[in-house]
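# Breakdown of the fold
Here is how the chains run, residue by residue.
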Amino acid sequence: MIFEGLLNRGALPVLQQVMSFTEARHEVLANNISNLDTVGYKMKDLPTDEFFRTLDEAVRRRDAAGTSLEMRAGRHLRWDRNGRLQAKPAELENSNILFHDENNRFVEKQMSAMAQNALLHNVTAELLRGKYGLLKAAISGKS
């Protein structure tokens, strides 16, 4: 297809990976909040540093070789054959008081992380919407 190069080597694959990551991270953060009162529950998160480092490396390899975006597995993040993210949440360090029920909850940090993640997700969704809108206009011949 004539648009294959655009779809595989442009911004779309990068934005799709960010979207997948923010969706998976939102699920982990929401699970933390729902388990605030669970005895012995340890807060988890997806390592954003690992994701963005992996994404940066994939973009550099793609640009240097002129190929499609290929995400390589890390310690907590893996991608299946179809390029879908398979994440393994990391347990968060006890940077707060450990409560008597052995829960390491910290509501404010979880809500802040969720808000930051939602913002990144929304910005990415808008960028994707714009890219698909441009692609649709190019295909239909409208400006």
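Residues numbered from 1 in each chain as written. Predicted model: local features only at pLDDT ≥ 70, side-chain atom pairs only at ≥ 80, totals over all residues. Heavy atoms only, no water.

Right, let's talk about the overall build of the chain for a bit. Looking only at helices and strands, one finds 4 helices and 4 strands in the chain. Going residue by residue from the N terminus, the α and β elements of the chain occur as α-α-β-α-β-β-β-α. A burial count over the chain gives 34% of its 143 residues as buried. At a minimum sequence separation of 6, the contacts of the chain that also span at least 24 residues come to 65%. As presented, the chain carries roughly 9,300 Å² of accessible surface, and 54% of it is formed by carbon and sulfur atoms. (Helix = DSSP H or I, 4+ residues; strand = E, 2+ residues; numbered from the N terminus. Buried < 20%, exposed > 50% of the residue type's maximum accessible area, 1.4 Å probe, protein only. Contact = heavy atoms within 4.5 Å. Areas by Shrake-Rupley, 256 points an atom, 1.4 Å probe, with all protein chains shown as cover.)

The next point concerns a nonpolar patch on the surface. Among the surface-exposed residues, L119, V123 and L127 lie close enough to one another that they form a single nonpolar patch of about 280 Å² accessible area. With respect to the element layout, L127 can be found in helix α4 (residues 107–140). (Patch = residues over 30% accessible without salt bridge, like charges linked within 9 Å, V, L, I, M, F, W, Y side chains within 5 Å. Salt bridge = Lys/Arg side-chain N within 4 Å of Asp/Glu carboxyl O.)

For the rest of this paragraph, the subject is the confidence of the model for the chain. When pLDDT is averaged along the chain, the result is 84, and 85% of the positions lie at 70 or above. Under a pLDDT of 50 for its full length, residues 1–7 has, in the predicted model, 7 contacts with residues more than four places off or in other chains. (pLDDT = per-residue confidence, 0-100.)

Time to look at the packing of helix α2 (residues 11–34) against helix α3 (residues 48–65). Put simply, α2 and α3 touch, their axes get as near as 11 Å, and they point 165° apart. Between α2 and α3, the angle is such that the two are roughly antiparallel. Crossing of α2 against α3: the hand is right-handed. Listed contacts from α3 to V14, Q17, V18, F21 and R25 of α2 are T48, F51, F52, L55, V59 and R62. (Axes fitted to C-alpha atoms, helices over the stretch in contact; angles between N-to-C directions. Parallel < 35°, antiparallel > 145°, perpendicular 65-115°, else oblique. Left-handed = near helix turned anticlockwise from the far one by under 90°.)

Our focus in this paragraph is the packing of aromatic side chains. Evaluated as defined, the whole model comprises 3 aromatic pairs. The interplanar angle of 10° and the centroid separation of 4.2 Å between the aromatic rings of F21 and F51 together place this pair among those described as stacked. A residue pair is termed long-range when its members are at least 10 positions apart, and F21 in helix α2 and F51 in helix α3 qualify at 30 residues. The class for F21 is buried, based on a relative accessible area of 1%. Residue class for F51 comes out buried when judged on its relative accessible area of 0%. Each ring, one from F21 and one from F52, has its centre 6.3 Å from the other, and the planes form 65°; the classification is edge-to-face. (Phe/Tyr/Trp six-rings, centres within 6.5 Å; stacked < 30°, edge-to-face > 60°.)

Evaluation of the coordinates by the stated rule reveals 6 salt bridges. The partner of D45 in a salt bridge is R25, and the shortest N-O contact between them spans 2.8 Å. One end of the pair, D45, is in strand β1 (residues 44–45); the other, R25, is in helix α2, with 20 residues separating them in the sequence. With respect to class, D45 is no different from R25; both count as buried. Of the charged contacts in the structure, one is a salt bridge between D63 and R62, with a shortest N-O distance of 3.2 Å. For R62, a relative accessible area of 8% puts it in the buried group.

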